[in-house]
Amino acid sequence: MRGLLDMILQNDEYLQLSTYAIVAAIVVTFVVNFATRKLKFAKYIPGIILVFIGIFSFFTVIEDLFNPDNIEILVVFVIACASGLISLLFALIIGIIQNDLS
């Protein structure tokens, strides 16, 4: 357990970066939903774009995946896909809440 805590404390910049990306994705999803109330699909667009960015960055290093020089691109893949999925789930929650209120 101590080793896990040490590893987290050594890589706290990735933790901060992923937290900021997730919060930004949620805020953008909420703003898009608020700006386009009548378009039901628009709130899913930020999440889809982030997932595509993550998948594209993964496919750019797929041939040389275990090269230590590609770690930054793999971090982009993980953070973009995670924040995209969280944004899609947040958009789904917004859609369910809007349907219940209607």
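The structure reproduced in this document is the subject of the present report. Note that the coordinates shown come from a computational prediction; the quantities given were computed from them, not determined experimentally. (Residues numbered from 1 in each chain as written. Predicted model: local features only at pLDDT ≥ 70, side-chain atom pairs only at ≥ 80, totals over all residues. Heavy atoms only, no water.)

**Topic: the packing of helix α1 (residues 2-10) against helix α2 (residues 12-35)**
Okay, step 1: Following both chains from N to C, one finds α1 and α2 inclined at 70°, their axes separated by 5 Å at the closest point. As far as their axial angle goes, α2 and α1 are roughly perpendicular. Across the interface between the two elements, I8, L9 and Q10 from α1 touch D12, E13 and L15 from α2.
Okay, step 2: When the residues that make up the contact of α1 with α2 are grouped by side-chain class, the tally is three nonpolar, one polar and two charged. (Axes fitted to C-alpha atoms, helices over the stretch in contact; angles between N-to-C directions. Helix = DSSP H or I, 4+ residues; strand = E, 2+ residues; numbered from the N terminus. Parallel < 35°, antiparallel > 145°, perpendicular 65-115°, else oblique. Contact = heavy atoms within 4.5 Å. Nonpolar A, V, L, I, M, F, W, Y, C, P; charged D, E, K, R; others polar.)

**Regarding the environment of I48**
Okay, step 1: When you line up the elements, I48 lands in helix α3 (residues 45-60).
Okay, step 2: On the accessibility criterion, I48 (29% relative accessible area) is partly exposed.
Okay, step 3: Put simply, I48 and S87 are 39 residues apart on the chain and 8.5 Å apart in space, counted from C-alpha to C-alpha.
Okay, step 4: Discounting chain neighbours no more than four positions away, the residues touching I48 are F41 and L88. (Buried < 20%, exposed > 50% of the residue type's maximum accessible area, 1.4 Å probe, protein only.)

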